Amino acid sequence: MSSDPRHPLDPRARQLLRTLIARHIQDGGPVGSQTLARHAGLDVSAATIRNILSDLEEAGLLASPHTSAGRVPTAQGYRVFVDSLLQVKPLRAQEMERLRGELGGGGQQSLLGSASELMSAMTHFVGVVSVPRREQLAFRHIDFVPLDGQRVMAIIVFADHEVQNRIIQTRRSFETAELERVANYLNQQFAGRPLGDIRAALVDELRHARDEMEALLSQTMELAEQALVPGDDDMLLAGQNRLIGVQDLSDLDRLRELFDAFSRKREILQLLERTIRAPGVRIFIGEETGLAPLEGMSLVTAPYGAGGRTLGVLGVIGPTRMAYERVIPVVQATASVLGAALHPEP
């Protein structure tokens, strides 16, 4: 039975739908009843196959292009397929070894970039990884360097050894000695804590401070609230150009829309973050993404994490006619290996 109670499928209909979608993913064109008679493994007449296909079309799971006697799956048909008909196998041992080998070490940014590149190379679509928000990660050390006018450079070293330099605009000029006092206070009081916790703690301390520390904490807040906000580099994409050769995406205007969507990464990031609390793989088909430029596309995502904490989401963007049984295990395995690489066992 399909996952949609409106479309209960008997075993023959399930087999025909599964075979038709598999052939369409493989060949790209409409699939006719004669092809299904050869490949579905059902001992039924061609007339019976045509009747079942008509029922599937009436249920909204298939469509008939005007130029062909064959049928193609609809987005709803793909949804039934991935929810209840798809048979997914784990990655082969050599592919897992490749993932572990190429995600075996290095800084966080390098690992995330490698993960998006690997997913793109292994699926031939677009690999995407959301970067963990820095406010979730502990910092080891911070320094402030005065620049010209009312600008200060904050140099933040995180617990994963990543270093970020952020230029911040302050309401007044700060002397070097003042900046050193603020940095020393942050380093002594808060090293090892996530940045979000630090901001909350500073706000709480300011609320209760009534002594000589108030002035220092006020200076700290002005610098910290700007220096410790999440940066703009919040997602990595790899493989956008792979979409140019995809048969379903040969229309140049369509490609232009897609590349505009990739340039507006925040929309895709918001979609990824919708999945961050959902365990396991999630699949968005066509309009389910909620993004107009991604209609006709699918997004396969999985959360990744370290130390029992979800840090972000990764996934693959490609045409709806993708080999889901191939893409899903790639996404699953990459999430697992990336999490292990970010939090190696002692």
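Residues numbered from 1 in each chain as written. Predicted model: local features only at pLDDT ≥ 70, side-chain atom pairs only at ≥ 80, totals over all residues. Heavy atoms only, no water.

Here's the deal with the packing of helix 1 (residues 11-27) against helix 3 (residues 46-58)
Defined as follows: Lines fitted to the C-alpha atoms define the axes, with helices restricted to the stretch that makes contact. Angles between their N-to-C directions range from 0 to 180 degrees. Under the DSSP-based scheme used, a helix requires at least four consecutive residues in state H or I and a strand at least two consecutive residues in state E, with every element numbered from the N terminus. These descriptions rest on fixed angle ranges, namely under 35 degrees for roughly parallel, over 145 for roughly antiparallel, 65 to 115 for roughly perpendicular, and the rest for oblique. Contact between two residues is taken to exist if any of their heavy atoms lie within 4.5 Å; hydrogens are not considered. Residue classes follow a fixed rule: Ala, Val, Leu, Ile, Met, Phe, Trp, Tyr, Cys and Pro count as nonpolar, while Asp, Glu, Lys and Arg count as charged, and any other residue, Gly among them, counts as polar.
Interaxial distance between helix 1 and helix 3 falls to 10 Å at its minimum, and their mutual angle equals 80 degrees. Considered as vectors, helix 1 and helix 3 are oriented roughly perpendicular to each other. Contacts from Arg12, Ala13, Leu16, Leu17 and Leu20 in helix 1 reach Thr48, Ile49, Ile52, Leu53 and Leu56 in helix 3. Here the residues of the contact of helix 1 with helix 3 sort into eight nonpolar, one polar and one charged.

Notes on the nonpolar core
Convention followed: Side-chain atoms within 4.5 Å are what join buried Ala, Val, Leu, Ile, Met, Phe, Trp, Tyr and Cys residues into a set we call a nonpolar core. Buried means the residue's accessible area, taken with a 1.4 Å probe over protein chains only, is under 20% of the maximum for its type, while exposed means over 50%, and partly exposed covers the values in between.
In this structure, Leu17, Leu56, Leu99 and Tyr324 are the most contacted members of the largest nonpolar core, which totals 55 residues. Counting residues per element, this core draws most heavily on helix 12 (residues 324-342), at ten residues. Sequence-distant contacts of Leu99, defined by excluding residues within four places in its chain, comprise Leu91, Leu118, Met122, Ala333, Thr334 and Val337. Judged by nonpolar contacts, the second largest core, of 16 residues, contains Phe139, Phe144, Leu186 and Phe190.

Structural notes on helix 1
The condition that has to hold: A helix's residues, less one, multiplied by 1.5 Å, set its expected span. A 3.5 Å cut-off defines polar contacts: any pair of N or O atoms within that distance qualifies, except that in protein one atom must be a possible hydrogen donor and the other a possible acceptor, and neighbouring residues in sequence count only when both atoms are side-chain atoms.
The terminal C-alpha atoms of helix 1, which comprises 17 residues, lie 24 Å apart, in line with the 24 Å expected from a rise of 1.5 Å per residue. Buried within helix 1 we find Ala13, Arg14, Leu16, Leu17, Thr19, Leu20, Ile21, Arg23, His24 and Ile25. Tucked into the core, helix 1 has its buried residues touching helix 2 (33-39), helix 3, strand 1 (62-63), strand 2 (72-73), helix 4 (75-85) and helix 12. Where helix 1 begins, the side chain of Asp10 points an oxygen toward the backbone nitrogen of Arg12, at a separation of 3.1 Å. Note on helix 1: the residue one or two positions beyond its end, Gly28, has a positive phi of about 90 degrees.

Quick look at the packing of aromatic side chains
Counted only if it meets this: In summary, the pairing rule links any two rings of Phe, Tyr or Trp, Trp by its six-membered ring, whose centres are within 6.5 Å, and it sorts them by plane angle into stacked for under 30 degrees, edge-to-face for over 60 and tilted for everything else.
Scanning all chains against the criterion turns up one aromatic pair. Note on Tyr78 and Tyr324: the rings are 5.9 Å apart at their centroids and 55 degrees apart in plane angle, and the pair reads as tilted. In this pair, Tyr78 is assigned in helix 4 and Tyr324 in helix 12, connecting sequence segments 246 residues apart. The pair formed by Tyr78 and Tyr324 is uniform in burial state, with each residue classed as buried.

Describing the side chain of Thr123
Within the secondary structure layout, Thr123 lies in helix 6 (residues 108-123). Setting aside anything within four residues of it in sequence, one finds Thr123 in contact with Val316, Val327 and Val330.

Structural notes on the environment of Arg321
Position of Arg321 among the secondary structure elements: in the loop between strand 10 (309-319) and helix 12. Arg321 gets classed as buried once you look at its relative accessible area, which sits at 13%. A polar side-chain atom of Arg321 sits 3.4 Å from the main-chain carbonyl oxygen of His24. A distance of 2.5 Å separates a polar side-chain atom of Arg321 from the backbone oxygen of Ile25.

Regarding the packing of helix 5 (residues 93-102) against helix 12
What describes two packed helices is the angle between their axes and the distance between those same axes. Keep this limit in mind: In this scheme the crossing of two helices becomes right-handed for a clockwise turn of the near helix relative to the far one and left-handed for an anticlockwise turn of less than a right angle.
Here helix 5 crosses helix 12 at 40 degrees, and the two axes come no closer than 10 Å. Taken together, the axes of helix 5 and helix 12 lie oblique to each other. In terms of crossing hand, the pair formed by helix 5 and helix 12 is right-handed. Here Glu95, Met96, Leu99 and Arg100 of helix 5 come into contact with helix 12, specifically with Arg326, Ala333, Thr334 and Val337. Its residues assigned to classes, the contact of helix 5 with helix 12 shows four nonpolar, one polar and three charged.

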